[in-house]
Amino acid sequence: MIDGVATDSSSTPSNEKPRRPRRTRMTGAERRAQLLEIGRTLFASKGFEATSVEEIAAKAGVSKPVVYEHFGGKEGLYAVVVDREMRRLLDMVTSSLTAGHPRELCEQAAFALLDYIEEYTDGFRILVRDSPIPQSTGSFASLISDIATQVEDILGREFKRRGFDPHLAPLYAQALVGMVALTGQWWLDVRRPKKAEVAAHLVNLAWHGLDGLEAKPRLIGRRKS
């Protein structure tokens with residue numbers, strides 16, 4: 001006790017610096033996974049340009065050279081993040097297409113994209129941004145094209161059964177998948193109506209449009225070319 005004031009003998013003396021908590025040492029794989037998750041979060045919230053290597057390193061509690069060691073820089077980290085998200089979404093869509101009836105297949109594809117948006121919101125925000133890296137592993141447009149390719153065969157068989165030209169299946173596949181993707185971008189922010197209702201309306205438009213499809217559609221306006 002000093003001057004009637006109790007003192008805590010266990011407190012750190014004023015002339016000593018407080019000890020920093022001991023940092024847990026990570027393996028190379030653990031550090032890489034940590035940097036990917038931090039980069040993914042920052043790219044989704046701030047975008048590529050506004051995210052810096054310094055900020056990524058600071059949030060990971062490492063120096064900048066560690067980021068360069070694993071990914072060669074911000075561009076390399078971004079490319080890996082984009083590639084992983086593209087693979088995840090493509091896998092979710094293609095693995096969902098299990099039904100035999102074409103209308104249910106449309107429902108499954110719509111649900112798969114909306115599920116991805118709901119469960120991996122950060123990933124979808126990254127994918128729908130225009131990639132600032134020319135040598136990036138892909139873009140949202142190329143991903144949509146990949147998904148459309150998965151449904152071309154389904155549409156081709158349905159066209160052939162109805163007496164339509166199956167060579168036009170790729171065009172319709174791109175149109176249908178693009179419609180779902182653009183609606184998904186809108187739903188990403190509004191989140192209304194509920195997911196199942198959005199899927200039902202998407203399929204309603206797609207299916208009844210296909211159901212009343214003309215074998216040889218004609219233009220009714222003046223322009224013919």
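Quick note: structure is the one above.
Residues numbered from 1 in each chain as written. Predicted model: local features only at pLDDT ≥ 70, side-chain atom pairs only at ≥ 80, totals over all residues. Heavy atoms only, no water.

Some points on the nonpolar core
- Grouped together as the largest cluster of nonpolar side chains are 56 residues, with contacts concentrated most on Ile56, Leu89 and Leu127.
- Ignoring any residue separated from it by four or fewer positions in sequence, one finds leucine 127 in contact with Val82, Glu85, Met86, Leu89, Tyr116, Phe140 and Leu143. (Core = buried A, V, L, I, M, F, W, Y, C linked by side-chain atoms within 4.5 Å. Buried < 20%, exposed > 50% of the residue type's maximum accessible area, 1.4 Å probe, protein only. Contact = heavy atoms within 4.5 Å.)

Points about empty space enclosed by the protein
- Per the counting criterion, the structure on display carries two cavities of 30 Å³ or more.
- Its volume calculated, the largest cavity comes out at about 340 Å³.
- Contributing to the lining of the largest cavity are 26 residues, with Cys106, Ala109, Val151, Leu176 and Val177 lying nearest its centre.
- Those elements giving two or more residues to the lining of the largest cavity turn out to be α5 (102–119), α7 (140–162), α8 (169–190) and α9 (195–211).
- Counting residues per element, the lining of the largest cavity draws most heavily on α7, which supplies seven residues.
- Partitioned by chemical class, the residues of the lining of the largest cavity number 24 nonpolar, no polar and two charged.
- Taken as a whole, the second largest cavity holds about 50 Å³ of empty space.
- Here the lining of the second largest cavity takes four residues from α7, the largest share from any one element.
- When its residues are assigned to classes, the lining of the second largest cavity shows five nonpolar, no polar and two charged. (1 Å grid on protein atoms, 1.4 Å probe; cavity = no way out; pocket = protein on both sides within 12 Å on 5 of 7 lines; lining within 4 Å. Points joined across faces, edges and corners; volume = space filled by probe spheres on them. Helix = DSSP H or I, 4+ residues; strand = E, 2+ residues; numbered from the N terminus. Nonpolar A, V, L, I, M, F, W, Y, C, P; charged D, E, K, R; others polar.)

Thoughts on α9
- Compared with an ideal rise of 1.5 Å per residue, which puts 17 residues at 24 Å, α9 spans 24 Å between its outermost C-alpha atoms and is within 8% of the ideal.
- Those residues of α9 that sit buried are Lys195, Val198, Ala199, Leu202, Val203, Ala206, Trp207 and Leu210. For α9, the buried positions fall inside an angular range of 145° around the axis, keeping them on one side.
- Looking at the buried side of α9, the elements it contacts are α5, α7 and α8. (Expected span 1.5 Å × (residues − 1). Arc of directions from axis to C-beta.)

As for the packing of aromatic side chains
- In total, this model carries seven aromatic pairs according to the counting rule given.
- For the ring pair phenylalanine 43 and tyrosine 78, a centre distance of 5.1 Å and an interplane angle of 85° mean the geometry is edge-to-face. Taken together, the residues span a long stretch of sequence, with phenylalanine 43 in helix α1 (residues 28–46) and tyrosine 78 in helix α4 (residues 74–96) at a distance of 35 residues. Grouping residues by exposure puts phenylalanine 43 and tyrosine 78 together as buried.
- Ring centres 5.1 Å apart and planes at 75° place the aromatic pair phenylalanine 159 and tyrosine 172 in the edge-to-face group. Taken together, the residues phenylalanine 159 in helix α7 and tyrosine 172 in helix α8 connect sequence positions 13 residues apart.
- Connected via pairs of aromatic rings, a cluster forms that spans Phe43, Phe48 and Tyr78.
- Directly above the ring of tyrosine 120 sits arginine 88, whose terminal nitrogen or CZ lies 4.2 Å from the centroid. (Phe/Tyr/Trp six-rings, centres within 6.5 Å; stacked < 30°, edge-to-face > 60°. Lys NZ or Arg CZ within 6 Å of the ring centre and 35° of its normal.)

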